[in-house]
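Next come the chains, spelled out residue by residue.
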Amino acid sequence: MTTHRPADADHVAGETAAVDLVLAYLAGAVPAAPALSPLAADYMEQQASGLLSGAVMLDPGFSPHRRAVMPPAGLVWLESVSMTEPVATAVRALAGDGGGRFSFLSQEERVMALALSAAARLAALYEPAEGVRRLHKVRDVVSRP
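A brief look at the structure comes next. (Residues numbered from 1 in each chain as written. Predicted model: local features only at pLDDT ≥ 70, side-chain atom pairs only at ≥ 80, totals over all residues. Heavy atoms only, no water.)

Considerations on the environment of M70
The line we're drawing: Where helices and strands are cited, they refer to DSSP runs of H or I of at least four residues and of E of at least two residues respectively, numbered from the N terminus. Each residue's exposure class comes from its accessible area (1.4 Å probe, protein chains only) as a fraction of the maximum for that residue type: buried when under 20%, exposed when over 50%, partly exposed otherwise. The contact criterion used throughout is that any non-hydrogen atoms of two residues lie within 4.5 Å.
Tracing the sequence through the fold places M70 in the loop between helix 2 (38-58) and helix 3 (72-78). Under the relative-accessibility criterion, M70 is labelled buried at 3%. If near-sequence neighbours (up to four positions away) are discounted, M70 is found in contact with L75, L78, A95, S117, A120 and R121.

Below is the structure:
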């Protein structure tokens, strides 16, 4: 007999895992990939994308009329993070708001690129403790069923 997790559990697991990934990157940790169902992994990717979009729009210099280039402090922060070449290529494209196509990345690599980009933009906007505080508020919301 196989067990099936309700979609709500996958939703919560995926969104929570995405926030935890960004938190781990901000803390300087190298997070292990969580074991998620395919549906939860989809929710994780969706949440990581949303976290990046939110971080872009929080930038006081954000305007929908020009490219959302990553602030210099975020680029400096990224230099301290090790990543594979495919992920680094995607992160560089996202830093320049180069929508680039990421079809060459696995889903896990796309999530890493999105999470790293979100963490870098948050690191450029806030002191580390403030970025973490804000992410914990998001985590409190998404971790509820």
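That covers the picture; the talk isn't over yet.
Looking at the nonpolar core
The nonpolar side chains of a soluble globular protein tend to be buried with one another. The cut-off we apply is this: What is meant by a nonpolar core is a set of buried Ala, Val, Leu, Ile, Met, Phe, Trp, Tyr and Cys residues, joined one to another through side-chain atoms within 4.5 Å.
One finds V22, Y25, L26, W77, L116, L122 and L135 to be the most contacted residues of the largest nonpolar core, which totals 38 residues. When residues in this core are grouped by element, the largest group, nine residues, is from helix 5 (residues 107-125).

Remarks on the pattern of salt bridges
The following threshold applies: Only one rule defines a salt bridge in this text: a Lys or Arg side-chain nitrogen within 4 Å of an Asp or Glu carboxyl oxygen.
Enumeration according to the criterion identifies five salt bridges in this entry. In this structure, E130 engages R133 in a salt bridge whose closest nitrogen and oxygen atoms are separated by 2.7 Å. Residue E130 and its partner R133 are both found in helix 6 (residues 128-142); the two are separated by three residues, about one turn of the helix. Judged by relative accessible area, E130 falls into the partly exposed class, the value being 24%. Note that E130 and R134 form a salt bridge whose closest N and O atoms lie 2.8 Å from each other. One end of the pair is E130 and the other is R134, both in helix 6 and four residues apart, which spans about a single turn. The structure contains a network of salt bridges with shared partners spanning E130, R133 and R134.

Focus: the side chain of E45
Within the secondary structure, E45 sits in helix 2. With relative accessibility at 19%, the residue E45 sits in the buried group. E45 has contacts with Q107, R110, V111 and L114, leaving out every residue within four places of it along the chain.

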